[in-house]
Every structure is written in C-alpha cells, then in structure tokens.
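Now for the letters of each chain:
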Amino acid sequence: MGQNIRLDRFLTDMGKGTRSQIKEAAKSGRIQVNGQTVKKTDQKIDPQKDAVLLDGREVSYHIWEYFLLNKPQGVVSATRDDKCRTVIDLLEGEGRKDLFPVGRLDKDTEGLLLLTNDGSLAHRLLSPKRHVDKQYYAQISSSLPPDAPKRLSEGITLADGTRLLPARLEILGMKQMPEGGLSGEDNWVTEILLTIQEGKFHQVKRMISALGGTVVFLKRLSMGPLKLDETLAPGQYRRLTGEEIARLKV
Ligand code: URA
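These lines cover the structure that appears in this document, whether it is placed above or below. (Residues numbered from 1 in each chain as written. Predicted model: local features only at pLDDT ≥ 70, side-chain atom pairs only at ≥ 80, totals over all residues. Heavy atoms only, no water.)

Section: the pattern of salt bridges
Opposite charge on two side chains permits pairing when their charged atoms draw close. Rules: Salt bridge criterion: a side-chain nitrogen from Lys or Arg within 4 Å of a carboxyl oxygen from Asp or Glu. Relative accessibility thresholds used throughout: buried, under 20% of the residue-type maximum; exposed, over 50%; partly exposed, between the two (1.4 Å probe, protein chains only).
In total, this model carries 23 salt bridges according to the counting rule given. Note that Lys-200 and Glu-198 form a salt bridge whose closest N and O atoms lie 3.9 Å from each other. Residue classification places Glu-198 among the buried residues on the basis of a relative accessible area of 11%. Notably, a salt bridge pairs Arg-238 with Glu-244, separated by 2.9 Å at the nearest N-O pair. Look at Arg-238 and you get partly exposed, because its relative accessible area is 23%. The network of salt bridges with common partners includes Arg-9, Asp-13, Arg-96, Lys-97 and Asp-98.

Right under this line is the structure:
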C-alpha cells in the first residue's frame, strides 16, 4: 500500500528543514537511505518501507500526529507569532511541520492542549454541534453566589447577550494563597471545577465574571475523553497513546 514520495518532501513533511536545507544536508553526506548515503534529494522513497537516516538518526514517518501538551502560562496557542513563543515552538522541531493546536487556551491559561495535523479530528472536537465537554480547574478571587451551580446548569447569558449552553460547576472550597501570590481578599481564593460544552472566546472568565467573580488562575483538565497527564509539568508534552487516539475518534 506504500506510496512513493520524494526524499526531500518526506524530510520536509517530517519537519526536518526546508527543501534547500535538506538539499545541503544531502550534499554533505548527512542523509542515508537503506544504509546508502544519498546525494540527490529528488529520488523517490517508500516511507513505509525505506529506512531514512538524517545525521545517523532514523526519521520515522507518521501521516497523522497527536501530541498532548501541558501548556504553560506565557505562550500563545498559535502556530506562529511575531512577538511571543507559541505552543508549537515548545515541541522544538519534533513532529511534522503541519501541526497546529486544537482550539485555543489564553496566554495565561495552563493545561491540556492537543496538537495535531489531523484537521478532521480537530474539526469534530471543536464543532459547536458536538458539545464536547471541556473541564477546567479555576481559582477565583472571591466567593460565588450560592445559586451559581444551579444558574450555570440552566445556561446563563453573558454581559454581551450571548446565551450559553448548560454547564456543570463544582465548588471545591476556599484556599489561602501564599503571601504575595494570587491576590484576593485576604489572599483567599475559591477553587472550582467547571465543565463547559462550548469553546467561546474567554468563555470561562466571562462566565465567572457574569456571576460576579474574577478568575485568577485557569487550567484545562480534559477535552472529551482526553485527560491532562499530571505527570507532564507545564511545558512538557508526549505523543498520545493508541488508545487515547482511538477514544478521541469514536
Ligand atoms: N476559557 C477562558 O476564559 N480562557 C481559556 O483559556 C479557556 C477557556
């Protein structure tokens, strides 16, 4: 079933450089195919069968790639940005060059972000019709009204008139933050879990604001069946397991 492609296309698709960089690499003898050093990059190879080495390291071929990133604060959910580090920069050249984040987290939001080049999966996860659950942990610099869970479960209307789908709010309790940390009254924050079915701009922050609170920390814990891997520190990532991919595709 193998489909042959040009060697330079194979290596650029895998994010190993531009076509001219690949040409230079070949000229200087850094590329081998099935044990033979190759100098010409227009030759065709079978990505499923041929062993391609760049600088002695095998380049494996994936058509679809899926990475789970624990997004840290301070990076933007974009493929490129003139001023700021992006979530794609965090992969440091690993993976295909056509990876993109599935949806956006704000610059100051942490947590689960799926990076893939599988456009149809991304489309399904983000489609407003599908109501894919996204769960967030948040700290709020005030208490919330006692009827907040009920109001959110019925669907609230934001300040600009946007009507939202029902959401699930669980108030975990209050927590005292260290001196000089996140500021709230007396340094106390309310900890919550909020599960929403949509992904509107600043949605969690705007929902909490509609209830009279301010989000001072926000972290996404899950998206559909995909859970944040708590062994990943902010900024770390790993490939999804086969099982995670299968569960996302059902
Ligand atoms: N809601 C927000 O307000 N910000 C995010 O980053 C994600 C959801």
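Comments concerning the sheet that holds strand β5 (residues 52-54)
We count it as follows: By the convention used here, strands pair only if DSSP detects at least 2 bridges between them. Every helix listed is a DSSP run of H or I at least four residues long, and every strand listed is a run of E at least two residues long, numbered separately from the N terminus.
With antiparallel pairing, four strands are arranged side by side in an open sheet as β3-β2-β5-β6. Either end of the sheet is taken by a strand with one partner, and the two such strands are β3 (36-37) and β6 (57-58). Across two bridges, strand β2 (residues 31-33) lies against β3 in antiparallel orientation. Note that in β3 the partner of Gln-32 across the bridge is Thr-37.

Some words on the site of the ligand
Here is the rule we go by: We call a residue near a given molecule or strand whenever any one of its heavy atoms falls within 4 Å of it. In the analysis that follows, any N or O atom pair within 3.5 Å is treated as a polar contact, provided that within protein one partner can donate a hydrogen and the other can accept it, and provided that, for residues neighboring in sequence, both atoms belong to side chains. Areas reported here follow the Shrake-Rupley algorithm with a probe of radius 1.4 Å; residue values treat only the protein chains shown as occluding. Computed over the protein atoms alone on a 1 Å grid, cavities are sets of points where a 1.4 Å probe fits but cannot get out and pockets are open sets with protein on both sides within 12 Å along at least five of seven lines; a residue lines them when it has an atom within 4 Å of a point. To decide whether a molecule occupies a pocket or cavity, check its atoms: if more than half lie within 2 Å of the grid points, it is inside. Asp, Glu, Lys and Arg are counted as charged, while Ala, Val, Leu, Ile, Met, Phe, Trp, Tyr, Cys and Pro are counted as nonpolar; the rest, among them Gly, fall into the polar class. The domain limits used here are those given by an automatic or database domain assignment.
In the vicinity of the ligand, the contacting residues are Leu-105, Asp-106, Thr-109, Tyr-136, His-202, Gln-203, Val-204, Lys-205 and Leu-218. Within the contact set of the ligand, an oxygen atom lies 2.7 Å away from a backbone nitrogen or oxygen of Asp-106. Between an oxygen atom of the ligand and a main-chain N or O atom of Lys-205, the distance comes to 3.0 Å. With the chains in place, 96% of the 240 Å² that the ligand exposes on its own is no longer accessible. The cavity that encloses the ligand is the largest pocket. The greatest single-element share of the shell around the ligand, amounting to three residues, is contributed by helix α5 (residues 203-210). Along the lines of polarity and charge, the residues of the shell around the ligand split into four nonpolar, three polar and two charged. Here the shell around the ligand spans two domains, since at least three of its residues come from each of domain 2 (66-127 + 225-248) and domain 3 (133-223).

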